[in-house]
Amino acid sequence: MAGLPNVRLNLPSRPENVLLVRQALRGLADTVALDAIELNDISTALSEACNNVVVHAYPGGQGPMVVEMQGSADGLEMLVRDRGHGLKPHASEPSEIGGIGIPVMLALADSVEFSAVNGEGTDVRMRFATPKGAVLAGQDGGEETSDEAVGELLVEADGGLEGVNGELESVHLAVGPPRLARAVLARVLAAVAARARFSTERIATTGPLAEQLVDHLAEPLQDRRLTLTATVAPRRLDLLVGPIPAESSLEGLTPALERLTDGHGVSRSGSTDLLALRLSDAGPEQASRKKNNGMPGDHGEPRRHTA
Amino acid sequence: MRQPDPRQLFIRWQRGGDPVAREALVQRYMPLARSLTRRYGRSSEPFEDLLQVASLGLLKAIDRYDLERGHPFQSFAVPTILGEMRRYFRDSGWAIHVPRGAQERALRVRDARERLANEHGHAPTVNQLAEYLEIDCEDVLDALQAIQAYETVSLDAPRPGSDEGAAAYGDSIGTDDERYELVELDATLSAVLGHIPARERLILRMRYVEDLTQSEIADRVGISQMQVSRLLRRSLDQLRSLTHAPAAAD
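These numbers were taken from a predicted model, which means no experiment stands behind them.

1. Regarding the overall build of chain A
Next, step 1: Helix and strand counts for chain A stand at nine helices and 10 strands.
Next, step 2: Here chain A holds 307 residues, and the buried ones make up 47% of them.
Next, step 3: Sequence separation of 24 or more characterises 74% of the internal contacts of chain A that already satisfy a separation of 6 or more.

Put into structure tokens, the structure is as follows:
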């Protein structure tokens, strides 16, 4: 992979983040029109690789889990990386049922490579032969130079992971080209909104938000990757999205941000401008007040308000 | 109670034809089939159906495992069982009806969302919906995506072009799909196989263990493909009555 892959996720190695990986894969599957069996094969193998990271890479703790997805004329390639000790490919598994993760990956992928990164951490690289990967071929993030800003941002984000603990957690996504970003961003935003315990009503607004972000930020980026950093807290999401291609791109976007977010601004990260967004969901108390304002109440007369 | 050494069991079954040893091996490795079914079939239809397919794969693996090669049984059984499930998905048109199943689930999620919103005065969270419908959070998320995608079209109407697929799915549970029927039968049907005439047993074996097509079997046995089809049909009916399995037609 010369430039950035089509999808790059950097996540804390927690069990619930495997769901996020699968959701991103579903976005990719929708974009390249994988059939249900192809998706099920890749999703199962990818889940096994991720579960290995979650369970084995960082004994007694957590660390980064990086997942990359790349399409080519030959098929789709999935990379799962940890910085601990994700698996020992040559270890014999004496237990009866434990350790079926590797056989599952070997059975479902057309090829699997395990390699250690500089003696620390493990790469699992799986290839799935399908002509549908060609949809994303030749769109491997473009020239390295055009990715410098994004690359910087990712390095920074990687460093930021060390401090993740307790309630707050950040997830990072880089995705492109735009039509892939459309599907993947919608999936990932909905999933983190669900994690933040947003109501389904609020989650439904993340789809239109993803659309708007892709229209105004990703489309002008062309081959560069759209990046998202999402910090999840109870009933609150803080998003950094970028890079912002030009000042002017925000003009068209602002009305949608007014409608779909609870606060927006621009944040500078190195030489790159990012869009900072706050999404929140007040929860049942306020939601039920809102309901009584607009809809027939639970007790007797519908209330009428004149504004 | 101490479990017998699987190696001894393999020797007793594969060399001595001891059905008790085979049964013990099935018992021993059934958790493997179960675990693979859970992993591979997570967004699948009834778990039990797919577990039957996995069990068939397990039987195949137990019969074919080569002790002398020295590989652990799992490394041979996992691809065999997964292969069986993949083939089942392909043969049963799973790839076609899965989108339809997802659409039905989307409708249930949409209805539940409205019901819970009315009851509680606010829209439910994904977790609440998952709990209410007894499905995974992930399935709820998929359903929400589907709702969003279909919202402009009518969700209640069948998707354009899906009528045929739906009918095909219904039909595939009917009388024509022998494989489906076989897996419906108890996976431990080896005991009753003795009641089937030798030639039919051979044909069954070629079809379901060696995965030959009806035409290939016809060539080998020296009869017509139609005859193979009829014999398979008769054997399956016979097996069905022997195992008292419920009819497939519901």
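There is more to say, and it comes next.
2. Some details on the overall build of chain B
Next, step 1: Scanning chain B from terminus to terminus reveals 12 helices and zero strands.
Next, step 2: Across the 250 residues that make up chain B, the buried fraction comes to 30%.
Next, step 3: Across chain B, every contact between residues at least 6 apart in sequence was considered, and the portion connecting residues at least 24 apart equals 62%.

3. Some words on unusual backbone geometry
Generally, phi is negative for residues other than glycine and the peptide bonds are trans, each holding for most cases.
Next, step 1: Cis geometry is adopted by the peptide bond preceding Pro177(A), which originates at Gly176(A) and carries an omega value of 0 degrees.
Next, step 2: Counting through the fold element by element, Pro177(A) comes out in the loop between strand 6 (169-175) and helix 5 (178-195).
Next, step 3: Going from Gly242(A) to Pro243(A), the amide bond is cis rather than trans, its omega being -5 degrees.
Next, step 4: Residue placement: Pro243(A) occurs in the loop between strand 8 (236-242) and helix 8 (249-260).
Next, step 5: One non-glycine residue, Arg235(A), lies in positive phi territory at about 60 degrees.
Next, step 6: Of note in this structure, Glu134(B) is not a glycine but carries a positive phi near 55 degrees.
Next, step 7: Turning to its location among the elements, Glu134(B) is positioned in the loop between helix 6 (126-133) and helix 7 (137-150).
Next, step 8: Exposure remark for Glu134(B): the 6 C-beta atoms within 10 Å place this residue in the exposed category.

4. Considerations on the packing of helix 2 (residues 19-40) of chain B against helix 4 (residues 73-91) of chain B
Residues and elements named next belong to chain B.
Next, step 1: For the pair helix 2 and helix 4, interaxial distance at closest approach is 10 Å and the crossing angle is 50 degrees. Here helix 2 lies oblique to helix 4, going by the angle between them. For the element pair helix 2 and helix 4, the recorded crossing hand is right-handed. Mapping the contact onto sequence places Tyr29, Leu32, Ala33, Leu36 and Tyr40 in helix 2 and Gln74, Ala77, Val78, Ile81, Leu82 and Met85 in helix 4.

5. Some remarks on helix 2 of chain B
Next, step 1: For helix 2 of chain B, built from 22 residues, the straight-helix expectation of 32 Å at 1.5 Å per residue is met to within 8% by its first-to-last C-alpha distance of 29 Å.
Next, step 2: Among all positions of helix 2 of chain B, only Ala21(B), Arg22(B), Leu25(B), Tyr29(B), Leu32(B), Ala33(B), Leu36(B), Thr37(B) and Tyr40(B) are buried.

6. Examining the domain arrangement of chain A
All names here are of chain A.
Next, step 1: If you check the domain split of chain A, you get domain 1 (1-137) and domain 2 (151-287 + 303-307).
Next, step 2: Contacts between domain 1 and domain 2 engage 21 residues on the former and 21 residues on the latter.
Next, step 3: At 11 residues, helix 1 (residues 15-32) tops the list of elements feeding residues into the side of domain 1 that touches domain 2.
Next, step 4: Counted by class, the side of domain 1 that touches domain 2 contains 11 nonpolar, six polar and four charged residues.

7. Some details on the interface of chain A and chain B
Next, step 1: Counting from both sides, the interface comprises 32 residues of chain A and, opposite them, 33 residues of chain B.
Next, step 2: For the side of chain A that touches chain B, the elements supplying multiple residues, two or more each, are helix 1, helix 2 (36-57), helix 3 (101-108), helix 5, helix 6 (200-203) and helix 9 (284-294) of chain A.
Next, step 3: When its residues are assigned to classes, the side of chain A that touches chain B shows 17 nonpolar, seven polar and eight charged.

8. Points about the sheet that holds strand 6 of chain A
All names here are of chain A.
Next, step 1: Here 10 strands make up an open sheet; going across it, the order is 4-5-3-2-1-6-7-8-10-9 and the pairing antiparallel. Across the chains shown, the open sheet's two edge strands, defined by having one partner strand only, are strand 4 (111-116) and strand 9 (264-269). Averaged over all adjacent pairs, the angle separating strand axes in this sheet is 15 degrees, with direction ignored.
Next, step 2: Across the sheet, helix 1 is in contact with strand 1 (7-12), strand 2 (64-72) and strand 6; its angle to strand 1 comes to roughly 170 degrees.
Next, step 3: Across the face of the sheet, helix 7 (residues 206-221) comes into contact with strand 7 (226-233) and strand 8 while running at roughly 140 degrees to strand 7.

9. With respect to the environment of Phe114(A)
Next, step 1: Note on placement: Phe114(A) falls in strand 4.
Next, step 2: Using a count of 16 C-beta atoms within 10 Å as the deciding quantity, one classes Phe114(A) as partly exposed.

10. Details of helix 7 of chain A
All names here are of chain A.
Next, step 1: Taking 1.5 Å per residue as the helical rise, helix 7 with its 16 residues ought to reach 22 Å, and the 21 Å between its terminal C-alpha atoms agrees with that figure.
Next, step 2: The principal kink in helix 7, of about 40 degrees, is found at Val214.
Next, step 3: Listed in full, the buried residues belonging to helix 7 are Thr206, Gly207, Leu209, Ala210, Leu213, Val214, His216, Leu217, Ala218 and Leu221.
Next, step 4: With its phi angle positive at about 55 degrees, Gln222 sits one or two positions after the end of helix 7.

11. Side note on the pairing of strand 9 of chain A
All names here are of chain A.
Next, step 1: Counting buried positions over the six residues of strand 9 gives zero, only a small fraction of the element.
Next, step 2: With six bridges joining them, strand 9 and strand 10 (residues 272-280) adopt antiparallel strand pairing. When the bridges of strand 10 are listed, Ser267 appears paired with Leu274.
Next, step 3: Count of turn residues in the strand 9/strand 10 antiparallel hairpin: two residues, of which Gly270 carries a positive phi of about 65 degrees.

12. Focus on the nonpolar core
Next, step 1: In this structure, Cys50(A), Val184(A), Leu185(A), Val188(A), Val192(A) and Ile81(B) are the most contacted members of the largest nonpolar core, which totals 119 residues.
Next, step 2: Of all the elements, helix 5 of chain A adds the most residues to this core, at 13 residues.
Next, step 3: In this structure, this core is formed jointly by two domains, domain 1 (1-137) and domain 2 (151-287 + 303-307) of chain A, each of which donates at least three residues.
Next, step 4: Membership of the second largest hydrophobic core comes to eight residues, among which are Ile203(B), Ile217(B), Leu231(B) and Leu236(B).

Here is what the cut-offs are and how they apply
Throughout this description, residue numbers start from 1 for each chain and increase along the sequence as written. Here the convention is simple: chains get letters from A, ligands get numbers from 1, in the order in which they are written. pLDDT decides what is reported in this predicted model: residues at 70 or higher carry local features, side-chain atom pairs at 80 or more are listed and counted, and totals for whole chains, interfaces and linings draw on all residues regardless. Numbering of helices and strands starts at the N terminus; helices are DSSP runs of H or I of at least 4 residues and strands are runs of E of at least 2. Burial is judged by counting other C-beta atoms within 10 Å of a residue's own C-beta: 20 or more means buried, 12 or fewer means exposed, and anything between counts as partly exposed, with every C-beta placed from the backbone. Contact between residues is assigned whenever the C-beta positions, reconstructed from backbone atoms, fall within 7 Å. Axes, fitted as lines to C-alpha atoms, cover a helix only where it is in contact. Angles between the N-to-C directions of the axes lie from 0 to 180 degrees. Relative orientations are named as follows: roughly parallel for angles under 35 degrees, roughly antiparallel for angles over 145 degrees, roughly perpendicular for angles from 65 to 115 degrees, and oblique for any other angle. The sense of a crossing depends on the near helix, which, turned anticlockwise from the far helix by less than a right angle, makes the crossing left-handed and, turned clockwise, makes it right-handed. In this analysis, the expected span of each helix is defined as 1.5 Å times one less than the number of residues it contains. For every domain, the bounds stem from an assignment made automatically or drawn from a database. Nonpolar residues are Ala, Val, Leu, Ile, Met, Phe, Trp, Tyr, Cys and Pro. Charged residues are Asp, Glu, Lys and Arg, and all others, Gly as well, are polar. Criterion used throughout: strands pair if DSSP finds at least two bridges between them. Here the bend at a residue is taken as the angle between two axes, fitted respectively to the seven residues that end there and the seven that start there. Buried Ala, Val, Leu, Ile, Met, Phe, Trp, Tyr and Cys residues form a nonpolar core when they are connected through C-beta atoms within 7 Å.

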